[in-house]
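# Per-entry structural report
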Amino acid sequence: MSNPGMMTGRPLSRRAVLAAAGGGLLAGGARETGAPGLRDIAAARGLVFGSELRREVLQQAPEMAALFVHDCGAMVPGHEAKWDYVEPKQGEFHFTDLDFLVNFAELHHLQIRLHTLLWSEALPDWVKQALEAGQGAPILARHIAKLVGRYRGRAQCWDVANEIADPRWHGGPEGLTMTPWRRALGPGYVAEAFHLAHDADPDAILFINDDDLEHDTATGAAKRATYLRLVTAWKRQGVPINGFGLQGHLKPELPFNPPAWRAFLRELAALGLELHVTELDVVDRHLPADPALRDRLAAELVRQFLDVTLDEKAVSMVMCWGLSDRFSWHDEDPDFRRADGRPARPLPYDASFHPKPMYQAVAAALAAAPVRN
Ligand code: XIL
């Protein structure tokens with residue numbers, strides 16, 4: 001993974017956080033006219049809408065703070081809680097930026113999702129070396145106790161395990177991908193991680209999170225079946241898994257089959273899981289170049305996906321992976337970047353913070369969702 005661009009410097013005071021939040025010009029129509037944001041539209045249905053946020057985004061565009069709290073009832077840090085960010089060298093901890101974002105969220109009464117404890121990416125070299133040297137178990141235990149313990153009672157949700165079962169990659173016979181964790185610790189590492197997280201904060205809602213589940217492809221079908229099988233077994237063994245995160249990086253060139261998707265969500269819900277859409281955006285690299293047409297097609301896909309998804313009442317939260325195209329990760333990623341070199345347009349606001357058709361699609365889907373308790 002690329003260098004996350006860690007911010008150093010002293011922690012900002014609560015006053016500085018407040019100033020950052022109030023300091024921006026209000027761009028875009030809704031916030032000027034006092035129209036409800038996505039946060040309020042979601043709340044009226046008993047839902048939560050939120051987004052990924054990074055400290056550098058607030059520093060580069062202070063106006064993002066006002067936009068964020070207008071539309072979001074929840075926040076997830078984009079990289080500040082990942083391993084290579086919080087402990088790049090063994091025993092050298094960097095919590096300044098994560099603390100900043102958690103303070104920001106609390107100040108604005110946002111729910112906090114933290115992401116992610118166990119992933120094959122964002123792993124510092126020292127962890128990989130320790131895994132190869134047979135030191136994985138104590139290191140995992142220390143990491144989870146440290147992070148989950150630090151934000152105990154403050155973070156409502158943790159993505160404990162991210163992207164752990166992908167049939168395209170060489171996997172163990174149980175269906176888990178051969179990540180460095182699986183290789184070093186065997187198939188029991190997932191259950192162990194959930195138990196450790198539960199010990200560190202018994203009230204936190206603990207999630208598995210993954211992508212490419214929604215598409216009606218061989219991969220999508222295999223992934224859905226694998227997860228249903230794995231989670232069923234873990235639940236039976238009393239593993240404290242409470243939720244499933246559906247990343248939702250939607251790919252318009254792949255087929256979407258509403259009944260198959262709806263059935264998967266129903267089965268997850270029947271296992272007693274809370275469901276969150278955690279990283280919604282549209283991978284628009286294969287959509288036409290014309291921005292207006294591209295935006296319209298992306299919005300239609302989002303509306304279709306959310307209509308089916310929100311029909312399942314176990315889905316309680318929808319998060320986009322960022323609010324504005326200016327700060328999307330797609331242009332940094334060679335797998336997602338457009339061949340024509342035009343900037344990606346994956347998110348509800350354009351690069352100048354004006355709402356796009358995707359914004360209206362999210363708003364309309366939230367407004368049409370069945371009411372939750
Ligand atoms: C991405 C970040 O957005 C990028 O800035 C970073 O370079 C790589 O990770 N699925 C996930 C997220 O679970 O953690 C990823 O975030 C996007 C895909």
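### As for the site of the ligand
The immediate surroundings of the ligand are formed by 12 residues, with Lys82, His115, Asn162, Glu279 and Trp321 found nearest. Between the ligand and Glu163, the relevant distance is 3.3 Å, taken from a nitrogen atom to a side-chain nitrogen or oxygen of the residue. Between the ligand and the protein, one listed contact pairs an oxygen atom with a side-chain N or O atom of Glu279 at 2.8 Å. Contact with the protein chains covers 91% of the free accessible surface of the ligand, which is 410 Å². Within the shell around the ligand, the residues separate by chemical class into three nonpolar, five polar and four charged.

### Description of the side chain of Asp71
Mapped onto the secondary structure, Asp71 falls in helix α5 (residues 63–71). Note on Asp71: relative accessible area 0%, which makes it buried. Side-chain polar atoms of Asp71 contact the side chain of Tyr349, separated by 2.4 Å. Apart from the residues within four sequence positions on either side, Asp71 is in contact with Gly37, Leu38, Arg39, Phe49, Tyr349 and Tyr359.

### Comments concerning the packing of helix α14 (residues 291–310) against helix α15 (residues 357–368)
The geometry of α14 relative to α15 is characterised by a closest axis approach of 8 Å and an angle of 20° between their N-to-C directions. Taken together, the axes of α14 and α15 are roughly parallel relative to one another. Crossing geometry of α14 relative to α15 is assigned as right-handed. Here α14 contributes Asp295, Ala299, Val302, Arg303, Leu306, Asp307 and Leu310 to the contact with α15, which in turn contributes Pro357, Met358, Ala361, Val362, Ala364, Ala365, Leu366 and Ala368. Here the contact of α14 with α15 is composed, by residue class, of 12 nonpolar, no polar and three charged.

### What about the nonpolar core?
Membership of the largest hydrophobic core comes to 107 residues, with the highest contact counts inside it found for Phe49, Trp158, Trp234, Phe244, Leu280 and Leu366. Other than its neighbours up to four places away in sequence, Trp158 contacts Leu114, His115, Leu117, Leu147, Val148, Tyr151, Ala204, Ile205, Leu206 and Phe207. If you look at the next biggest cluster of nonpolar residues, it comprises six residues, including Val48, Ala74, Val76 and Met319.

Rules used throughout
Residues numbered from 1 in each chain as written. Predicted model: local features only at pLDDT ≥ 70, side-chain atom pairs only at ≥ 80, totals over all residues. Heavy atoms only, no water. Near = heavy atom within 4 Å. Polar contact = N/O pair within 3.5 Å; in protein donor to acceptor, adjacent residues only side chain to side chain. Areas by Shrake-Rupley, 256 points an atom, 1.4 Å probe, with all protein chains shown as cover. Nonpolar A, V, L, I, M, F, W, Y, C, P; charged D, E, K, R; others polar. Helix = DSSP H or I, 4+ residues; strand = E, 2+ residues; numbered from the N terminus. Buried < 20%, exposed > 50% of the residue type's maximum accessible area, 1.4 Å probe, protein only. Contact = heavy atoms within 4.5 Å. Axes fitted to C-alpha atoms, helices over the stretch in contact; angles between N-to-C directions. Parallel < 35°, antiparallel > 145°, perpendicular 65-115°, else oblique. Left-handed = near helix turned anticlockwise from the far one by under 90°. Core = buried A, V, L, I, M, F, W, Y, C linked by side-chain atoms within 4.5 Å.

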